[in-house]
Amino acid sequence: MLEMPVAFAFGLGAITLALISGQDLTYLAPYAFSQVNVFALLALPLFTATGVLMQSSGIANRLINFFDLAVGRTRGGLGAVTIVVSAFFGAIAGSGSSAIAAIGSIMIPKLVARGYDRGEAVALVGCSSILSLLIPPSIPMIVFSITAGISISAVFLSTIVPGLLLMCIYIVLNAILAKRNVKIQQVVTLCESLESPRHTMTDAFPALLLPVIVLGGIYSGSFTPTEAAAIAVIYTLFAGFLTKPDFSVNIAANSISKGALAAGSIIIILFFMAVMNRAMILDQVPQSIATALIGVSENRFLILAVTNILLIVIGMLVDDVSGSVIVAVVLAPVMSELGVHPVHFAAIVSVNLGLGNLTPPCAPLLYMAGQSGECQFRHYVRPTLRLLLFGHVPVVVLVTYIPQLALTLPRILLGIS
């Protein structure tokens, strides 16, 4: 409310909690340093830099051209392109805000030119950006995994099925919208302006290969998620210099610098939340919350419903990364005590925070999409709520009450219990 930088607001909260509970900061600070001094955290600046490099090297635009060639010639096809590219971008950069920054400025004008209402175009881009949080690698889920002490690979796998399910539902909803809106053109024009289908496919090949290398390497055991992030940066740099003539060393350096700065604020948040985490554990706060939830009802169905509402509210108030840290510190121990599988809870957190980040009145990602599309809130709030109500909310319910959607892939590929 006072417009303090988010990282320092977390610091103020953590120190205040420690002092009120009578904890010794000289004990809490070294513990917090040990929590952020881990190899896995290197993945944050590296994946963030990859997302920025994708924008500056033109890879995002080449992905759009490729998918437009594949599915864009049907009525409303460009909307489907927007959804698929957002999901694909998530398999490379892993950030909703990065997806909006890279895709929104390109796709919203094209969607409007094809006959989409500007508010509908903004809603489609904003809601599709959530796929970047679900399709691995996901930066918020890396943060959640490290903070909660869960396998990053298992958490990545837990959100794949929910992410693909949400993508398919959005594509169907977009097709219904296109069928009802007579202004949306039957045949698109973007592909016709490209030099040739073969050139478009060749141009996009480096971008299409990147998630195969990253995810294939992680799940084949060839390298860790952190090493995969490093390979992604090197690969994106190589692809940029090879395919874009005006991609210079200065542009690459600025992109990597932006990634480092963004990750730096995340690590500061993690440090202060580690302080808060230890203070809360010593003060038995998680146990008190678990007791309070059970006091409301011992019905597991009701407890999960209350937890979902709380997660949505948290997502409304803070960004995806900050929300992941708060939930990992406050609620993950509570859910563990209540018998919810940690990997299943990670998937629940992911879909709920994504919904919260798009739910008014706060909706940080939704406002970012509106700014990207230069559209007033009143024009895109209704189409956004329609997509969330008929698309995202059903996925939240399914993931919450059908654990197999989150646990099947981790159990098959990683053998988790």
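Quick summary incoming for the structure in this document.

Rules used in this analysis
- Residues numbered from 1 in each chain as written.
- Predicted model: local features only at pLDDT ≥ 70, side-chain atom pairs only at ≥ 80, totals over all residues.
- Heavy atoms only, no water.
- Phe/Tyr/Trp six-rings, centres within 6.5 Å; stacked < 30°, edge-to-face > 60°.
- Helix = DSSP H or I, 4+ residues; strand = E, 2+ residues; numbered from the N terminus.
- Buried < 20%, exposed > 50% of the residue type's maximum accessible area, 1.4 Å probe, protein only.
- Salt bridge = Lys/Arg side-chain N within 4 Å of Asp/Glu carboxyl O.
- Core = buried A, V, L, I, M, F, W, Y, C linked by side-chain atoms within 4.5 Å.
- Contact = heavy atoms within 4.5 Å.
- Axes fitted to C-alpha atoms, helices over the stretch in contact; angles between N-to-C directions.
- Parallel < 35°, antiparallel > 145°, perpendicular 65-115°, else oblique.
- Left-handed = near helix turned anticlockwise from the far one by under 90°.
- Nonpolar A, V, L, I, M, F, W, Y, C, P; charged D, E, K, R; others polar.

1. Some remarks on the packing of aromatic side chains
Then, in step 1: Overall, the coordinates contain five aromatic pairs when judged by the stated rule.
Then, in step 2: On the basis of an interplanar angle of 55° and a centroid distance of 6.2 Å, the ring pair of Phe-144 and Phe-345 is categorised as tilted. In this pair, Phe-144 is assigned in helix α9 (residues 139-148) and Phe-345 in helix α19 (residues 342-356), connecting sequence segments 201 residues apart. Summarising the burial analysis for this pair, Phe-144 and Phe-345 share the class buried.
Then, in step 3: An aromatic cluster is built from Phe-33, Phe-271 and Phe-272, whose rings are joined through pairwise contacts.

2. Some words on the pattern of salt bridges
Then, in step 1: One pass over the full model with this rule turns up one salt bridge.
Then, in step 2: Across the pair Glu-120 and Arg-386 runs a salt bridge, and its minimum N-O distance is 3.9 Å. One end of the pair, Glu-120, is in helix α7 (residues 118-129); the other, Arg-386, is in helix α21 (residues 377-401), with 266 residues separating them in the sequence.

3. Description of the nonpolar core
Then, in step 1: Core analysis: the biggest nonpolar cluster contains 82 residues, and Leu-63, Phe-67, Phe-144, Val-327, Phe-345 and Val-349 have the highest contact counts within it.
Then, in step 2: Here this core gets nine residues from one element, more than from any other, and that element is α19.
Then, in step 3: If we ignore the near neighbours within four places in the chain, the residues touching Phe-144 are Ile-150, Ser-324, Val-327, Ala-328, Phe-345, Ala-346 and Val-349.
Then, in step 4: Ranked by size, the runner-up nonpolar core spans 41 residues in total, among them Leu-41, Phe-223, Ala-232 and Val-329.

4. Considering the packing of α19 against α21
Then, in step 1: Where α19 contacts α21, the two axes come as close as 9 Å, and the packing angle between them is 165°. For the element pair α19 / α21, the angle class is roughly antiparallel. Crossing handedness for the pair α19 and α21: left-handed. Contact with α19, carried on its side by His-344, Ala-347, Ile-348, Val-351, Asn-352, Gly-354 and Leu-355, involves Leu-388, His-392, Val-393, Val-395, Val-396, Val-399 and Thr-400 of α21 and no other residues of that element.
Then, in step 2: The residue makeup of the contact of α19 with α21, split by class, is nine nonpolar, five polar and no charged.

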